[in-house]
Amino acid sequence: PRSTLFPYTTLFRSAVLEQALELPNTSQWLRSVISEELTACLGTIISSEMPTASKERIRALYVSARDAFRKARSAAPTNIHATVTLGWNTRPLIEHKMFTPDEQTEITADLVSVFDEAEEIPMDFRQQEYYLRERTKVMDLLGNTQLSNEAFEKLCAIGSKSGYYLRARSLFSELPDR
């Protein structure tokens with residue numbers, strides 16, 4: 001079980017990362033990595049607070065996470081991990097309907113755009129696998145089967161088996177409980 005201090009240590013980590021972004025003479029790549037880590041910390045806070053926090057609190061955390069993601073991409077547009085992190089931060093919020101319909105439309109369009117832009121980024125095998133796996137999950141959630149199928153085919157083309165796992169998992173999640 002997680003410590004009762006977990007949310008506080010994650011909040012502390014995010015505060016440290018925000019301060020690190022203020023340091024002078026930091027390379028653009030390091031700024032991107034710090035912002036990506038901040039995005040991940042904020043996503044962890046969102047996940048831990050989602051069961052009890054107000055929608056307004058969760059939305060505010062998401063806005064901060066999205067801003068950190070934008071800083072990561074601005075500092076290093078080729079940082080594919082920032083895109084993957086934004087995807088896993090956003091999926092649970094969409095699943096739990098944490099946004100108004102207008103916000104949902106905007107966030108969905110933004111997320112699809114972010115994943116489309118990332119297609120042009122050169123990636124090594126590991127980056128491709130992480131990216132395509134998250135893209136498949138996001139597009140499945142959004143009901144975009146064409147883009148989900150494209151990501152699945154690309155996973156297969158690079159020799160990754162994770163696409164099969166994701167497909168099987170999605171099939172079993174649709175089975176009714178007894």
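Preceding this paragraph is the structure being described.
K.L.:
Even after reading the chapter, I still don't get the pattern of salt bridges, so can you show me in this structure?
P.N.:
Opposite charge on two side chains permits pairing when their charged atoms draw close. Inspection of the entire model under this criterion finds eight salt bridges. For the salt bridge of arginine 70 with aspartate 110, the shortest nitrogen-to-oxygen distance reads 3.4 Å. Taken as a pair, arginine 70 in helix 3 (residues 55-75) and aspartate 110 in helix 5 (residues 101-118) lie far apart in primary sequence, 40 residues in all. Overall, the relative accessible area of 40% leaves arginine 70 in the partly exposed class. Here the residues in one salt-bridge network are Asp116, Glu119 and Arg135, joined through shared partners.

K.L.:
Which parts of the structure should I look at to understand the packing of helix 2 (residues 28-49) against helix 4 (residues 80-95)?
P.N.:
A pair of packed helices is captured by two measures, namely the crossing angle of their axes and the spacing between those axes. At a minimum axis separation of 9 Å, helix 2 and helix 4 run at an interaxial angle of 15°. One finds that helix 2 runs roughly parallel with respect to helix 4. Judged by the sense of rotation from one axis to the other, the crossing of helix 2 with helix 4 is left-handed. Taking contact as the criterion, the partners of Glu36, Thr39, Ala40, Gly43, Thr44 and Ile46 in helix 2 are, on helix 4, His81, Ala82, Thr85, Trp88, Asn89 and Leu93. Of the residues contributing to the contact of helix 2 with helix 4, the split by class is five nonpolar, six polar and one charged.

K.L.:
Quick question: what am I supposed to make of the side chain of threonine 85 here?
P.N.:
If you trace the backbone, threonine 85 turns up in helix 4. Excluding residues that lie within four positions of it along the chain, threonine 85 makes contacts with Glu36, Thr39 and Ala40.

How each quantity is defined
- Residues numbered from 1 in each chain as written.
- Predicted model: local features only at pLDDT ≥ 70, side-chain atom pairs only at ≥ 80, totals over all residues.
- Heavy atoms only, no water.
- Salt bridge = Lys/Arg side-chain N within 4 Å of Asp/Glu carboxyl O.
- Helix = DSSP H or I, 4+ residues; strand = E, 2+ residues; numbered from the N terminus.
- Buried < 20%, exposed > 50% of the residue type's maximum accessible area, 1.4 Å probe, protein only.
- Axes fitted to C-alpha atoms, helices over the stretch in contact; angles between N-to-C directions.
- Parallel < 35°, antiparallel > 145°, perpendicular 65-115°, else oblique.
- Left-handed = near helix turned anticlockwise from the far one by under 90°.
- Contact = heavy atoms within 4.5 Å.
- Nonpolar A, V, L, I, M, F, W, Y, C, P; charged D, E, K, R; others polar.

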